[in-house]
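# Commentary on secondary and tertiary structure
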Amino acid sequence: MASIQGTRRPKGIRGTRSRGIALHAVLIVGLLLSAFPFYWAVIMSTRSSTEIFSYPPKLLPGSQFLQNARHLFENVDFFGSMFNSLLVATSVTFLVLLFDSLAAFVFAKFDFPGRKVLFALLMVIFMVPGQLAAIPQFVIMAKIGWIGSMTSLIVPAAANAFGIFWMRQYMRGAIHDELLDASRIDGAGFLRQWWSVALPVVRPGLAFLGIFTFMGQWNDYAWPLIALTNPDNVTLQVALSQLNGSHGTTDYGMVMTGALLALIPLLIVFAIGAKQIIGDLGKGAIR
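Residues numbered from 1 in each chain as written. Predicted model: local features only at pLDDT ≥ 70, side-chain atom pairs only at ≥ 80, totals over all residues. Heavy atoms only, no water.

## Observations concerning the nonpolar core
Counting 25 residues, the largest nonpolar core has Phe-105, Met-167, Met-171, Ile-175 and Val-202 as the members making the most contacts within it. Every element with two or more residues in this core is listed here: helix 5 (78-109), helix 8 (151-154), helix 9 (161-174), helix 11 (190-201), helix 12 (203-219) and helix 13 (222-227). Ranked by residue count, the leading element in this core is helix 5, at six residues. For Met-171, the contacting residues outside a window of four places in its chain are Ser-101, Ala-104, Phe-105, Ala-108, Lys-109 and Val-202. Listed in part, the 15 residues of the second largest apolar core include Leu-72, Leu-236, Val-255 and Leu-261. (Core = buried A, V, L, I, M, F, W, Y, C linked by side-chain atoms within 4.5 Å. Buried < 20%, exposed > 50% of the residue type's maximum accessible area, 1.4 Å probe, protein only. Helix = DSSP H or I, 4+ residues; strand = E, 2+ residues; numbered from the N terminus. Contact = heavy atoms within 4.5 Å.)

Right, here's the structure in full:
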């Protein structure tokens with residue numbers, strides 16, 4: 001009897017294990033619900049339009065993917081449009097990380113006249129919907145002569161209020177004043193402090209901002225549709241929108257194939273950025 005009682009687990013341990021199992025079950029269900037739209041996109045990209053609308057719905061991949069891809073490449077310049085989107089998204093992401101981190105570093109760690117007023121103005125800009133700026137932005141781009149070129153997409157998006165606000169909040173907590181004081185004693189100027197002290201510490205924040213910016217530019221549709229009057233410069237989202245046929249003749253299998261292929265760069269960028277975030281947070285926890 002004594003040996004049997006000794007093998008029993010305490011109630012607290014059993015309760016903790018039960019809560020852990022329930023939590024893992026909830027997370028698994030959430031994962032399945034989140035992954036189902038991607039799985040359904042794969043299913044539709046391998047089926048014809050007739051099979052997509054059939055009942056009961058077919059839940060296994062079909063054999064029409066190569067045919068849908070061939071129709072996709074015949075109807076739009078898919079790879080040319082993808083290159084345009086990559087050029088715009090990569091350029092904007094680089095410029096946003098550069099300018100926003102510089103501005104955030106100034107707001108977070110330097111005191112200068114009018115700092116609070118400028119930051120309040122930045123917050124006002126942050127709260128203004130971007131759609132309100134479409135018309136004046138178009139007028140400015142037209143007067144400069146950039147309408148129809150990639151420059152009209154890259155330059156207006158080179159810095160944004162959200163990125164400055166995000167990096168400023170991150171830098172205030174991540175960069176200690178003692179580090180900056182030590183770098184000043186060593187003779188480091190502003191750019192040296194930003195490059196050698198600030199950026200290595202805030203890499204997780206930069207990784208998040210890079211993912212957020214790249215995804216936003218990659219999925220942007222309204223402004224490229226307005227600004228890119230040259231058909232050779234259209235981005236991928238605008239090109240895919242041209243697949244919607246008139247009089248109800250849309251080939252949904254072809255459309256879903258294009259949407260699925262357009263997800264690949266996003267998944268690659270997210271995987272790289274998420275690995276950077278997790279790795280740097282782990283190093284910080286060890287330190």
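## Topic: the packing of aromatic side chains
What the rule picks out here adds up to 19 aromatic pairs. Judged by centre distance (6.1 Å) and plane angle (50°), the rings of Phe-107 and Phe-112 are tilted. Here the aromatic rings of Trp-166 and Tyr-170 are separated by 5.9 Å at their centres, their planes lie at 50°, and the arrangement is tilted. In this pair, Trp-166 and Tyr-170 both sit in helix 9, four residues apart, roughly one turn of the helix. (Phe/Tyr/Trp six-rings, centres within 6.5 Å; stacked < 30°, edge-to-face > 60°.)

## Concerning the side chain of Lys-109
Take Lys-109: it is sitting in helix 5. Only 2.6 Å separates the side chain of Lys-109 from the backbone oxygen of Ile-175, close enough to count as a polar contact. Not counting chain neighbours up to four residues away, the residues in contact with Lys-109 comprise Met-171, Arg-172, Ile-175, Asp-177, Leu-180 and Arg-184. (Polar contact = N/O pair within 3.5 Å; in protein donor to acceptor, adjacent residues only side chain to side chain.)

## Notes on the layout of surface pockets
Put simply, the largest pocket is a space of about 990 Å³. Lining the largest pocket we find 28 residues, and of these Gly-130, Gln-137, Ala-157, Asn-160 and Gln-217 sit closest to its centre. Contributing elements (two or more residues each) for the lining of the largest pocket: helix 5, helix 6 (115-127), helix 7 (134-144), helix 9, helix 12 and helix 13. Considering each element in turn, the lining of the largest pocket owes the most residues, five residues, to helix 12. Approximately 440 Å³ is the volume attributed to the second largest pocket. Forming the boundary of the second largest pocket are 17 residues, of which Thr-93, Leu-97, Leu-206, Ala-207 and Gly-210 lie nearest the centre. Of the residues that constitute the lining of the second largest pocket, the class distribution is twelve nonpolar, five polar and no charged. (1 Å grid on protein atoms, 1.4 Å probe; cavity = no way out; pocket = protein on both sides within 12 Å on 5 of 7 lines; lining within 4 Å. Points joined across faces, edges and corners; volume = space filled by probe spheres on them. Nonpolar A, V, L, I, M, F, W, Y, C, P; charged D, E, K, R; others polar.)

## Points about the packing of helix 5 against helix 9
Interhelical geometry of helix 5 versus helix 9 gives an angle of 50° and a closest axis separation of 8 Å. Here helix 5 lies oblique to helix 9, going by the angle between them. Between helix 5 and helix 9 lies a crossing whose hand is right-handed. Where helix 5 abuts helix 9, its residues Asp-100, Ser-101, Ala-103, Ala-104, Phe-105, Phe-107, Ala-108 and Lys-109 lie against Gly-163, Ile-164, Met-167, Arg-168, Met-171 and Arg-172. (Axes fitted to C-alpha atoms, helices over the stretch in contact; angles between N-to-C directions. Parallel < 35°, antiparallel > 145°, perpendicular 65-115°, else oblique. Left-handed = near helix turned anticlockwise from the far one by under 90°.)

## Concerning the side chain of Gln-237
If you trace the backbone, Gln-237 turns up in helix 14 (residues 236-241). Among the polar contacts listed, one links the side chain of Gln-237 to the backbone oxygen of Trp-218, at a separation of 3.3 Å. Setting aside residues up to four positions removed in sequence, Gln-237 forms contacts with Trp-218, Asn-219, Asp-220 and Tyr-221.

## Some points on the environment of Gly-163
With respect to the element layout, Gly-163 can be found in helix 9. For the pair Gly-163 and Glu-51, spaced 112 residues apart in the sequence, the C-alpha separation amounts to 44 Å. Sequence-distant contacts of Gly-163, defined by excluding residues within four places in its chain, comprise Asp-100 and Leu-209.

## A short note on the packing of helix 5 against helix 12
In the contact formed by helix 5 and helix 12, the axes pass within 9 Å of each other and the chain directions differ by 145°. Two packed elements cross with a definite hand, and for helix 5 against helix 12 that hand is right-handed. In this structure, helix 5 contributes Met-82, Ser-85, Leu-86, Val-88, Ala-89, Thr-90, Val-92, Thr-93, Val-96, Leu-97, Asp-100 and Ser-101 to the contact, and helix 12 contributes Leu-206, Leu-209, Gly-210, Thr-213, Phe-214, Gln-217 and Trp-218. Looking at the contact of helix 5 with helix 12 residue by residue, the classes come out as eleven nonpolar, seven polar and one charged.

## Quick look at empty space enclosed by the protein
By rolling a water-sized probe across the atoms, one finds the places where empty space is left. If you walk through the whole model with that rule in mind, you get two cavities of 30 Å³ or more. Taken as a whole, the largest cavity encloses approximately 50 Å³ of empty space. What lines the largest cavity is simply Ser-85, Val-88, Leu-153, Gln-217, Trp-218, Asp-220, Pro-224 and Thr-235. Taken together, the elements giving at least two residues each to the lining of the largest cavity come down to helix 5 and helix 12. Approximately 30 Å³ is the volume found for the second largest cavity. Taken together, Trp-40, Ile-43, Met-44, Arg-47, Glu-51, Ile-52 and Lys-58 make up the full set of residues lining the second largest cavity. Elements with a minimum of two residues in the lining of the second largest cavity: helix 2 (11-45) and helix 3 (49-52). Residues of the lining of the second largest cavity, tallied by class, amount to four nonpolar, no polar and three charged.

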